[in-house]
Amino acid sequence: MSTPEDVIKEKGLLVNYRLAEAYVPIQMYGETFDPRTALMHGTLFPDLYRPYSNRPKHSNGEVI
Amino acid sequence: MWYYVKKLQYPANVARTDLGMAKYLFAQYGGPDSELSAAIRYLTQRYTMPIPQAKAVLTDIGTEELVPICYQ
Amino acid sequence: MYSKDALELLKEIMAVDFVVYELALFLDTHPNDRRALEDHNNFARKSHQLRAMYEEKYGPLVLDSVSGFPYQYINDPWPWEIRY
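Okay, so let's go over this structure. These figures come from a predicted structure and were not determined experimentally.

## Some remarks on the overall build of chain C
Here comes step 1: Scanning chain C from terminus to terminus reveals two helices and zero strands.
Here comes step 2: Burial status across chain C gives 42% buried among its 84 residues.
Here comes step 3: In chain C, once contacts between residues fewer than 6 apart in sequence are set aside, the share between residues at least 24 apart is 56%.
Here comes step 4: Carbon together with sulfur atoms contributes 55% to the accessible area of chain C, which is approximately 5,200 Å² in total.

## Some details on the nonpolar core
Here comes step 1: Within the largest apolar cluster, 27 residues are counted, with the highest numbers of intra-cluster contacts made by Leu10 and Tyr84 of chain C.
Here comes step 2: Among the elements of the structure, helix H2 (35-41) of chain A together with helix H1 (4-29) and helix H2 (34-58) of chain C are those that each provide at least two residues to this core.
Here comes step 3: It is H1 of chain C that provides the largest number of residues to this core, a total of 13 residues.
Here comes step 4: When residues no more than four places from it in sequence are discounted, the contact partners of tyrosine 84 of chain C are Leu8, Pro11, Ala12 and Asn13 of chain B together with Leu7, Leu10, Lys11, Met14 and Pro79 of chain C.

## Re the interface of chain C and chain B
Reports often express the size of an interface as the amount of accessible area lost when the parts come together.
Here comes step 1: Listed by partner, the interface residues are 27 residues for chain C and 21 residues for chain B.
Here comes step 2: Each partner contributes to the roughly 2,100 Å² buried at the junction of chain C and chain B, and carbon and sulfur atoms together form 62% of this total.
Here comes step 3: When the buried surface of chain C facing chain B is broken down by residue, Met14, Asp28 and Trp80 of chain C rank first, second and third, together holding 26% of it.
Here comes step 4: Counting the contacts that link chain C with chain B gives one salt bridge.
Here comes step 5: As a salt-bridge pair, aspartate 17 of chain C and lysine 7 of chain B come within 3.2 Å of each other at their nearest N and O atoms.
Here comes step 6: Between the two partners, chain C and chain B, sit six residue pairs in polar contact (both at pLDDT 80 or more).

## Describing helix H1 (residues 19-30) of chain B
The α-helix advances 3.6 residues per turn, and as a result positions three or four apart in sequence lie on the same side.
Here comes step 1: Over its 12 residues, H1 of chain B runs 16 Å from end to end, which matches the ideal 16 Å to within 8%, given 1.5 Å per residue.
Here comes step 2: The backbone nitrogen of glycine 20 of chain B lies 3.1 Å from a side-chain oxygen of the residue at the head of H1 of chain B, namely aspartate 18 of chain B.

## Considering the packing of helix H2 (residues 35-45) of chain B against helix H3 (residues 52-65) of chain B
Residues and elements named next belong to chain B.
Here comes step 1: Viewed as axis vectors pointing N to C, H2 and H3 meet at an angle of 160°, and their least axial separation amounts to 8 Å. Comparing the axis directions of H2 and H3 gives the class roughly antiparallel. Judged by the sense of rotation from one axis to the other, the crossing of H2 with H3 is left-handed. Contacts between H2 and H3 pair Glu35, Ala38, Ala39, Tyr42, Leu43 and Gln45 from the former with Leu58, Thr59, Ile61, Gly62, Thr63 and Glu65 from the latter.
Here comes step 2: Tallied by class, residues from the contact of H2 with H3 come to six nonpolar, four polar and two charged.

## Regarding the side chain of serine 47 of chain C
Residue and element names in this part refer to chain C.
Here comes step 1: Within the element layout of this structure, serine 47 appears in helix H2.
Here comes step 2: In this structure serine 47 comes out as buried when scored by relative accessible area, which is 5%.
Here comes step 3: In contact with serine 47, not counting residues within four places along its chain, are Val16, Asp17 and Val20.

## Digging into the environment of serine 67 of chain C
All names here are of chain C.
Here comes step 1: Structurally, the position occupied by serine 67 is in the segment after H2.
Here comes step 2: Looking at serine 67, the relative accessible area reads 27%, which means it is partly exposed.
Here comes step 3: Once you skip the residues sitting within four places of it in the chain, serine 67 turns out to touch Pro60 and Gln72.
Here comes step 4: Among the polar contacts listed, one links the side chain of serine 67 to the backbone nitrogen of glutamine 72, at a separation of 2.9 Å.

Procedures and definitions
- Residue numbering note: each chain is counted from 1, following its sequence as written.
- Just so you know, chain letters begin at A and ligand numbers begin at 1, following the order they were written in.
- Local features in this predicted model are restricted to residues of pLDDT 70 or higher, and side-chain atom pairs are both shown and tallied only at a pLDDT of 80 or more, whereas totals for entire chains, interfaces and linings draw on every residue.
- Excluded from the side-chain calculation are hydrogens and water; included are all heavy atoms of the structure.
- Helix and strand assignments come from DSSP, with helices taken as H or I runs of at least 4 residues and strands as E runs of at least 2, each series counted from the N terminus.
- Residue exposure (1.4 Å probe, protein chains only): buried if accessible area is under 20% of the type maximum, exposed if over 50%, otherwise partly exposed.
- Only heavy atoms matter for contacts: two residues are in contact if any of them lie within 4.5 Å across the pair.
- Accessibility throughout is a Shrake-Rupley quantity obtained with a 1.4 Å probe, and a residue counts as covered only by protein chains that appear here.
- Among buried residues, the Ala, Val, Leu, Ile, Met, Phe, Trp, Tyr and Cys ones that are joined through side-chain atoms within 4.5 Å form a nonpolar core.
- Defined in terms of a 1.4 Å probe, buried area is the accessible area two parts forfeit on being brought together, summed over both.
- Any Lys or Arg side-chain nitrogen located within 4 Å of an Asp or Glu carboxyl oxygen qualifies as a salt bridge.
- Here a polar contact means two N or O atoms within 3.5 Å. Within protein one must be a hydrogen donor candidate and the other an acceptor candidate, and residues neighboring in sequence count only if both atoms are side-chain atoms.
- Expected helix span is taken as 1.5 Å per residue step, with the number of steps being one fewer than the number of residues.
- All axes are obtained by fitting lines to C-alpha atoms, using only the stretch in contact for helices, and the reported angles, taken between N-to-C directions, cover 0 to 180 degrees.
- Any angle between 65 and 115 degrees counts as roughly perpendicular, while under 35 counts as roughly parallel, over 145 as roughly antiparallel, and the rest as oblique.
- Should the near helix be turned counterclockwise from the far one by less than a right angle, the crossing is left-handed, whereas a clockwise turn marks it as right-handed.
- Polarity classes work like this: nonpolar for Ala, Val, Leu, Ile, Met, Phe, Trp, Tyr, Cys and Pro, charged for Asp, Glu, Lys and Arg, and polar for all others, with Gly in that last group.

Shown next, in the form of structure tokens:
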């Protein structure tokens, strides 16, 4: 089972992560929602499904 | 170029009028950080892209950003 | 009069077309992904079938669809007038 990291290494995409530059990990094709669920969730990809919610707070009241 | 398709992307029911909500929606449609601005930005940026993947993705997300305008 | 059957078919088209668009966006940046392309093509085929079925029963979805007389494209309901 190859992880995304392995695939990136295989394809020679591993970069030397330099400071003060932004990087976006490449998306791998994995699980998908069925069409109705995808439409209601606003994405086909469970990896990208991040609904807003009341996030838990630290004891000092700061949002995690 | 674009064709209108007689369907919505997402099933939205218009329930009532709401001036406060209308102001938010108007900003989303046409304001400085709106869908419309984003659409035009993507569709213009694509002309300077050096690779097919970038031309394609900017064309298609630029088109997708126009969808909320088509709710009207 | 817009029937429950028409609405169900329209919603199915909306869901399938959303999936096609998502897969198309993925393929824009991953053109060599065979599995994604296969899924895209299957859903694209399904979309074409459903649209043909819908247009035959309930009228044109696009202005270049072939229409009976009088021109059917202008018929109500328009998408924003439907209760989903």
